[in-house]
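What the coordinates show
This is what each chain is made of:
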Amino acid sequence: MRQFCICAHILVVASLVAACGPASAAEGPNLVTNPGFEAVATSGPATEKKPAAWSFGSANPEIFRHEIVAEPGHGNVIKLTALDGKMSGYWTQPVQLKPKTTYEWKADIKLDRGKLLIYSYCDGKDKSTFTWYVVQSLARHPLVPYFWKPEWTTESVSSPQLAKEFPVVHGATSEPGKWKTLTCHFTTGEATTMTLLLGAYFAPGTYWFDNVAVHEVLP
Amino acid sequence: MNRQAHQLFNRLRLLALLTITTVFHFACTTSLGQAAPPRTTSTTAIRVADAERNIATAYFEVVDGATKQQVLKAPAGESKQSAGIEMQCRVKPAATSAQVLWSTQIRNAGSGQRRLTLRWSVECRMNPGYDYWRGRDEPVSGEWLAFIPPGGANNTLPLQTLYGATSGYALAMDPMEIFSGLKQWQESVAAASPNAGSPNTRMTLEIPLVLDAGQQDSFEFALYSYTPRYGYLDAVQIYHDLYPKSFTPRTDIDPRSTGNGAMYLVWTENDFEAARRFGGDWEWVYAPFRRTGDIYGRAQFYDYTPARPFYDALYKLPFAEFHKERKVKLARGLESNTAMMFYVPSYIWAEERLALEKYPGAIVRNPDGGFAGHFTTPWVTGHDNEVLMYPWGNSYAEQTKEDLRQLVRDDLNIQGFAYDVLAGNSRHRADGVAQSPRRGFDETGVYADTAVAIAKMMDFTRDLERDGHKLAIVANPTGGTCRSFLAARTDNNMTEFAPYQWQDQLLSLRLMMGHKPLCWWDVWNLSDLMQWQKMTPAEIREAYLGARDYVLLASFRYGGVPAPWLTRGTPRLLRWLPTIRRVVRAGWQAVPAVRNLPDSVWAGRYGRGIGSFITLGNAGGNSFKGTIQIENSYLGAGNYIFASPDGSKLVQRIVGSITEVDVEIAPKSPLVLQAIAESPQKARGAATVTWRFDGAAGELTIDTKVPVRNVIAPAEECAPPRPLRKNVWSITSANFASPVSAIQSFPFFGGKETATIVLPAQPNADEEWAARRLQEYFRFWGKQATPGAKPIDLTVVRGTIGGAAASAAPRVHIGRAAPVLQQRERVMRQREVYLSPNDSRQLVVTGQTPRDVREAMWRLMQQLDLKYVYPGGFASHGRTPNEAAALTKAGISGKILDESWIPPEVVADAKAARPDQP
């Protein structure tokens, strides 16, 4: 039920072709502002530094902690800590898109434990920009790393209904403390404003995000 | 105050505390012993000191449920009366000064019913960075403490602990205490003074309780301090040891009840030899009644129209035939040597029409009047629609209790009951609530949780007796929904998942069960955990092999025994199964007591003192070679010397209270060490242990200068070792007088004639059974072990064999057919299985009593299993169709997963035994 609270405003109108997978050969410019979190909004106490052009939202913001930290090979990254699993919380940014166009979003992610979600939606009646990519940490996976290869594992998407209704619903697992790049393709319908969200999905843990990108896939 | 002065102050404070606690013990006991009317009494507090001499103090508080006003709050040791509520305390003897055990008695002295919230709390001083563990999951600290849900403790242990680097406190309720609701939490409190010892942290346990006028109740509690060398597990270890009635298997039940489940091989499949080989100690007898809610099968309830047609042949029978057939099916346990656990759905489900017509007030309903639970799809029997019931304090409970009594009175082969859906968590407000203990209340009114009724029925069941044993309870409490007091009443946990599933529940369940066994009762179900569609067949097979290795190591880590669907087709697990069963029976311990291990090596500990097992599982991909440190103080009063499982040299040193052992463990493999000798606490020095044993006799060598005492044999079921010479003891089997290899070489078949089984002229039932089982053993192996093979039939004769046949055929003498031999071979008389020293074609299987003969045959077959291997077929299905598809894709469905684990000599023997087979 919880995931439907989040996406209740996403209306079901039509379906279209979309997929998560490797990036295409040609791509347009990155449409995300401050994609690497290098620009920091300096208002407020130093401990409350926020990435420029991004905003955070949750029904229970008090259970989240935010930091911008430097990571080797990444520069600044956003670090999100969920102290409790009773609510989800996301860094968001609206992105302007062209109708009936194929795009790809990408992001580097890392988590120690818990469950991370990147999803996108549009405010209109077009569900085409809906993508749902949930990543489960392998931190407490009983079989990884000693008995199974990480790539064998699967994160079954928690709601079969979600998978049934929306075009891009994907699950994955990730080794704790290792950066991983997620990639997702989608094709817009009539909508032109998509919101991209990166965050914690009802699970305590620490989550890192960097190098967020939305590109048009060029022919 | 300078440092010295502060230390002196703390010493004096501790001395004063111990003095007043002792005085108070007498005061409380005397007061209750004289049944004096309660009155406000100035006494002392329940307190313990930690290693740093900080003090933790317990309080008791009562809040009126209607007004939310505090009725009373006092140190937990006081007797007090306020606003019609009386509180008394009785302190009980404790093993150490670091523990206080007490009972809180509360009485409603008023004239009306009271709804009360009871709170026991402990206030103490914790240094920054402390951890809090709330009875399940992981401990939390720092700012995460603010986000622990304050409630939701129904499914935790009633134990919580605050601990730092060197000391900790635990507040625990007796695990048998029933409750309708439970909360546990911790919070900061304002320090009463700037004194460094002033409390700044509080942990609280809360229970709702309804008391009628004049009604009283009492609760058992413990407060203790401890050194958290293994974090909160030290608190759990003490808790498990404080309450052995809850956490140790009962000794007055059928001992098979704490073994391995048969997974329907007996009750449904009627395959006794498979059950014996894969572990059929007890059976989940599902579901031996036609109509849910009528577990006995009464004539007045028997004929009715079910919601769906009866599908099972048993259910289709007329009344008399049903009872006759059920009796026959239950008697299968006699033949298979399996304890039969009569299935009950914890009595919380009943067929809808039966419930509505006979027990309407026992139906659990929502506040709006609707059924709180209602199945209109197949559930308990498959053919009934069923509703949720409250089985205590009402006519339904009385009928069910009478059903239980009669099931046990009747000549039915039942050793215990299988409690399904052991959870509770539904609130009942009608018939039976007034008669129930530990009623709770909410905004709707007074209720009793269904777990309360289940617990009372479990108590009733546990007191029933049959054939000199109390009735056992095998149940399936989960780590997610079960109340701990239900797990406390469970003798064996039928764990309905493999140990790689539901990881968040596994440790919780393990801790709830204490030293008692778990049984991994499930199929593999890996397909939902892996991307089998994208994986190659070889990769899928590799994934199952990996899961097999995990199950092996997890069984030793968590004290679980894999049931048949996990051992079938996996020779490696099957080979380890006897060791797993032996170790798990010794009793899992919360603190592994082993240090100096990498993360990839998992430690476990079983039993106490001499005979304890230390288990190590190397999950890594490389051999582990190193020196482990076993902390002997956890095992017992002495220092301990350990033996390897196979007799290979084990080098060790006793250093202080630690035994350092040099070990090498192969990748993905377990190592099981056993404490086989004790030395005094102050002893220091090296020891090297080796042993050899042929199944009948052997030698144990403990090469050491350390004084050694209490030596036991490293092999199973041996007599106490006898000293042979310095540092050397002889080992003698209690059961076998001939080497196992010689017995395994006995020519049961393959020669000119197959062996003849010789019974006395007038055999008793146990001797007949032993002969039948040996016949069945070879029929089964001959038919099953090699594709296309034929049964091997051993002939049974009664009395002596005369003529030429007397010397021609190999013979197996059973029971009283053996005395003639025993007269000549006095040396063998004390043991049960042996070959005649004068004629290796004469095998004797006997015993002092008929029961001994059965057990001797059982042991013989177990030894023969090592030669006549039958791994069975690997799984062919799972809970979803994907599992079957994955198994098929990998080419392992119904095959042997890991044939390489069958010893080559066994394969060669099997081929040699039947050269006509491909």
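Residues numbered from 1 in each chain as written. Chains lettered and ligands numbered in written order. Predicted model: local features only at pLDDT ≥ 70, side-chain atom pairs only at ≥ 80, totals over all residues. Heavy atoms only, no water.

1. Some details on the pairing of strand 6 (residues 89-96) of chain A
Residue and element names in this part refer to chain A. In terms of residue burial, strand 6 counts as a mostly covered element, since 6 of its 8 residues are buried. The sheet contact formed by strand 3 (residues 55-58) and strand 6 spans 4 bridges and is antiparallel. Within strand 6, the position partnered with G57 by the bridge is Y90. Bridging between strand 6 and strand 12 (residues 193-200) involves 8 bridges; their strand directions are antiparallel. Opposite V95, over in strand 12, you have M194 as the bridge partner. (Buried < 20%, exposed > 50% of the residue type's maximum accessible area, 1.4 Å probe, protein only. Helix = DSSP H or I, 4+ residues; strand = E, 2+ residues; numbered from the N terminus. Pairing = 2+ DSSP bridges.)

2. Things to note about the sheet that holds strand 4 (residues 80-82) of chain B
Residues and elements named next belong to chain B. Pairing is antiparallel in the open sheet, where 8 strands are placed in the order 4-5-6-14-11-10-8-9. Because the sheet does not close on itself, it has two edges, and the strands there are strand 4 and strand 9 (140-141). As paired elements, strand 8 (residues 131-133) and strand 9 share 2 bridges and run antiparallel to each other. Bridge pairing in strand 9 places D131 opposite S141.

3. Some details on the environment of V266(B)
Residue and element names in this part refer to chain B. Looking at where V266 falls in the secondary structure, it is placed in the loop between helix 3 (244-247) and helix 4 (272-278). What makes V266 buried here is its relative accessible area of 0%. Counting along the chain gives 19 residues from V266 to V285, while the straight-line C-alpha distance between them is 8.7 Å. In this structure, V266 is in contact with F272, A275, E283, R332, G333, S336, T338 and M340, ignoring residues within four places of it in sequence. (Contact = heavy atoms within 4.5 Å.)

4. Quick notes on the pattern of salt bridges
Scanning the entire structure with this criterion turns up 61 salt bridges over all chains. E190(A) is the partner of K100(A) in a salt bridge, and the nearest nitrogen-oxygen pair spans 2.0 Å. Linking K100(A) in the loop between strand 6 and strand 7 (102-111) with E190(A) in the loop between strand 11 (180-187) and strand 12, this pair joins segments that are 90 residues apart in sequence. Its salt-bridge partner being E187(B), residue R202(B) comes within 3.2 Å of it at the nearest N-O pair. Of this pair, R202(B) sits in strand 13 (residues 201-211) while E187(B) sits in strand 12 (residues 183-188); the two residues are 15 residues apart in sequence, bridging distant segments of the chain. Judged by relative accessible area, which is 19%, R202(B) ranks as buried. For E187(B), a relative accessible area of 27% translates into the label partly exposed. Look at the salt bridges and you will find they share partners, linking E273(B), R276(B), R277(B), R773(B) and D865(B) into a network. (Salt bridge = Lys/Arg side-chain N within 4 Å of Asp/Glu carboxyl O.)

5. Structural notes on the confidence of the model for chain B
Residue and element names in this part refer to chain B. Per-residue confidence for chain B gives a mean pLDDT of 90, with 90% of residues at or over 70. Throughout residues 1-40 the model reports pLDDT below 50, and contacts reaching past four residues in sequence, or to other chains, amount to 47 contacts. Predicted complex, confidence summary: ipTM 0.89, pTM 0.89. (pLDDT = per-residue confidence, 0-100.)

6. As for the nonpolar core
In this structure, W102(B), Y419(B), W524(B), Y544(B) and F748(B) are the most contacted members of the largest nonpolar core, which totals 256 residues. Discounting residues that sit within four places of it in the chain, F748(B) has contacts with I743(B), T754(B), A755(B), L774(B), F778(B), L794(B), V812(B), L843(B), L864(B) and Y868(B). Judged by nonpolar contacts, the second largest core, of 37 residues, contains W91(A), L111(A), Y133(A) and C184(A). (Core = buried A, V, L, I, M, F, W, Y, C linked by side-chain atoms within 4.5 Å.)

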